[in-house]
Amino acid sequence: FLGIPLYFLLFHVERALGADPASVRWAYANAYLLNLWISVFWSALGAVFLFFLCRDHFQYTEKSAIAISVLYSLGTLVFPFDSQIWGHSTAAAFLLLALWCFFGGRAALGGFFVGLAIFTEYLVLPVLPAFAFFFWREKKTPREIATAFLGALPGVLGLLIFQRTT
C-alpha cells in the first residue's frame, strides 16, 4: 500500500515524458525507487527513532543510543531485508515509531503507526499484548487507550478490506 501513491506519480510522470513505464529500463528504475520508499526510508527512520527512544526515554548515553541503533540497523535482518521489498523491516519501523509516540503522549499517532504495522505485515498482531502491557505499566488512562485504538483503526480496516477483496 505504501508504494501505490509513489508508483502512481512515477507512472504518470513517465507517461507525460513519453516513456513507457512497462519497459524493462523503467521497471527496474521504478522497482529501485519503490524499494527505497517502501523499505529503506522507513527502516532508516525507525533507527533514528530507536535512537531517540534509547536516549530520551530509556536514559542511555548518546554513544550507547547510537550503538544500539547501528546494531539494530546493521546487526539484525533489517539491513538484508531492506535490500528487497519486504514488509518485515517496515513493520518493525512502524512499531518503533509507535513506541516513541506512546512514550511521548501521542496516543492517536502511536495507534496509527500500530495500524500501519498491522496493515504492512499482519504477523505483527502477536505484538499487541506487549502494547497492552505497556499501557497497563505506564498507567495510561482509558481515554488514551481508546485514542490509540481509534488511531490504529484505519490500518486494521485497510487490512480487512484488502483481505475481503482479494
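The notes below deal with the structure included here. These numbers come from a predicted model, not from an experiment. (Residues numbered from 1 in each chain as written. Predicted model: local features only at pLDDT ≥ 70, side-chain atom pairs only at ≥ 80, totals over all residues. Heavy atoms only, no water.)

As a further point, take the overall build of the protein. Along its length, the protein carries eight helices and zero strands. In terms of overall dimensions, the protein has C-alpha extents of about 55 × 40 × 25 Å along its principal axes. For the protein, the proportion of its 166 residues judged to be buried stands at 36%. Contacts spanning at least 24 positions in sequence make up 62% of the contacts within the protein whose residues lie at least 6 apart. (Helix = DSSP H or I, 4+ residues; strand = E, 2+ residues; numbered from the N terminus. Buried < 20%, exposed > 50% of the residue type's maximum accessible area, 1.4 Å probe, protein only. Contact = heavy atoms within 4.5 Å.)

Attention now goes to unusual backbone geometry. Of note, the phi angle at Gln59 is positive, near 60 degrees, even though the residue is not glycine. Using a relative accessible area of 61% as the deciding quantity, one classes Gln59 as exposed. Positive phi, normally seen in glycine, also occurs at Lys139, with a value near 55 degrees. Since its relative accessible area comes to 70%, Lys139 is described here as exposed.

Moving on, we come to the environment of Ala148. Looking at the element boundaries, Ala148 is found in helix 8 (residues 142-165). Residue Ala148 is classed as buried on the basis of its relative accessible area of 4%. Leave out the neighbours within four places in its chain, and Ala148 touches Phe102, Ala107, Gly111 and Phe135.

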